[in-house]
Amino acid sequence: MIEFCNVNISFKDKKIFEDFNFKINKGDKVLLNAPSGSGKSTLFKLLLGFLKPDYGIIKFNEEKLDKNNIRSVRSNISYVSQDIEFINEKVDILIHGIFSYEYNKNKNFNNEKLKELLEYFELNINILEKKVSELSGGERQRIGLIIAIFLDREVLLLDEITSALDYKLKQKVVEYITTINKTVLVISHDEVWKQIPIFKAVRW
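Owing to the predicted nature of the structure, the values given are computational and were not obtained by experimental measurement.

Engineer: Requested: an account of the packing of aromatic side chains, with residues and values cited.
Structural biologist: Evaluated as defined, the whole model comprises 14 aromatic pairs. Between Phe44 and Tyr79 the ring centres are 6.0 Å apart and the planes differ by 85°, which places this aromatic pair in the edge-to-face class. Residue Phe44 is found in helix α1 (residues 40-47), and its partner Tyr79 is found in strand β6 (residues 77-80); the two are separated by 35 residues along the sequence. Assessed through its relative accessible area of 1%, Phe44 is described here as buried. Chaining the aromatic ring pairs together yields one cluster made of Phe4, Phe17, Phe20, Phe22 and Trp204.

Quick look at the structure:
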């Protein structure tokens, strides 16, 4: 489904990837367990087309990524980062606004499912009336994850999304992710991810 083929990329003469090969099959759940500074976030940016390799190719569903198909590829990926940046609107307006985007208009928005997810991730329904600036880091992370779940895309890229949560909430997030039928790539230093056998830990 996703394949990095002989990828090379450098920043300021520092080689991040050299002849890097990596294949992720549909439905895989992968924990990127490489050391800090080894290019884990760079891997996500390459897949999303925000960076281009100096050499090598990246394939998504057997199609080489290029300027002609990158928007289509992105429409199949949900990316949740550690430091989530949302416009400073009420959470309810933010969520509905995201579903008004061109690639999301066909998504089925279900208020009951939203309430269920808020409850599961221990967020009070009143959070929908708060502005983003009023949310804690952990609340933003959970709202970002809920939006990603709602978008129902093929691939989830999760970058340190449990860093601001207590251990109980970390466990709930990990447990939920193990149940979904998606291809998932996780960057995290939290030990809780390493304890789940379904996640394949990958180092380089």
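Still to come is the rest of the account.
Engineer: Account for α1, with residues named and values stated.
Structural biologist: The element α1 is largely enclosed, with a buried count of 6 among its 8 residues. When we look at burial in α1, the residues that qualify are Lys40, Thr42, Leu43, Phe44, Leu46 and Leu47.

Engineer: Any chance you could break down the packing of helix α3 (residues 91-98) against helix α5 (residues 137-151) for me, citing the residues and the numbers?
Structural biologist: Look at α3 against α5: their axes get within 11 Å of each other, and the N-to-C directions meet at 30°. With respect to each other, α3 and α5 are oriented roughly parallel. Of the two possible hands of crossing, α3 and α5 adopt the one that is right-handed. Here α3 contributes Val91, Leu94, Ile95 and Ile98 to the contact with α5, which in turn contributes Ile143, Ile147 and Leu151.

Engineer: Before we move on, could you go through the layout of surface pockets and cite the residues and values that matter?
Structural biologist: By volume, the largest pocket is sized at about 760 Å³. Residue lining of the largest pocket: 26 residues in total, with Tyr79, Ile98, Tyr101, Leu151 and Arg153 positioned closest to the centre. Class assignment of the residues belonging to the lining of the largest pocket gives a composition of 15 nonpolar, 5 polar and 6 charged. Approximately 270 Å³ is the volume attributed to the second largest pocket. Residue lining of the second largest pocket: 15 residues in total, with Lys52, Pro53, Leu65, Asp66 and Lys67 positioned closest to the centre. Elements represented by at least two residues in the lining of the second largest pocket include exactly β4 (55-60) and α2 (70-74). Broken down by element, the residue count for the lining of the second largest pocket peaks at 4 residues, all from β4.

Conventions and cut-offs
Residues numbered from 1 in each chain as written. Predicted model: local features only at pLDDT ≥ 70, side-chain atom pairs only at ≥ 80, totals over all residues. Heavy atoms only, no water. Phe/Tyr/Trp six-rings, centres within 6.5 Å; stacked < 30°, edge-to-face > 60°. Helix = DSSP H or I, 4+ residues; strand = E, 2+ residues; numbered from the N terminus. Buried < 20%, exposed > 50% of the residue type's maximum accessible area, 1.4 Å probe, protein only. Axes fitted to C-alpha atoms, helices over the stretch in contact; angles between N-to-C directions. Parallel < 35°, antiparallel > 145°, perpendicular 65-115°, else oblique. Left-handed = near helix turned anticlockwise from the far one by under 90°. Contact = heavy atoms within 4.5 Å. 1 Å grid on protein atoms, 1.4 Å probe; cavity = no way out; pocket = protein on both sides within 12 Å on 5 of 7 lines; lining within 4 Å. Points joined across faces, edges and corners; volume = space filled by probe spheres on them. Nonpolar A, V, L, I, M, F, W, Y, C, P; charged D, E, K, R; others polar.

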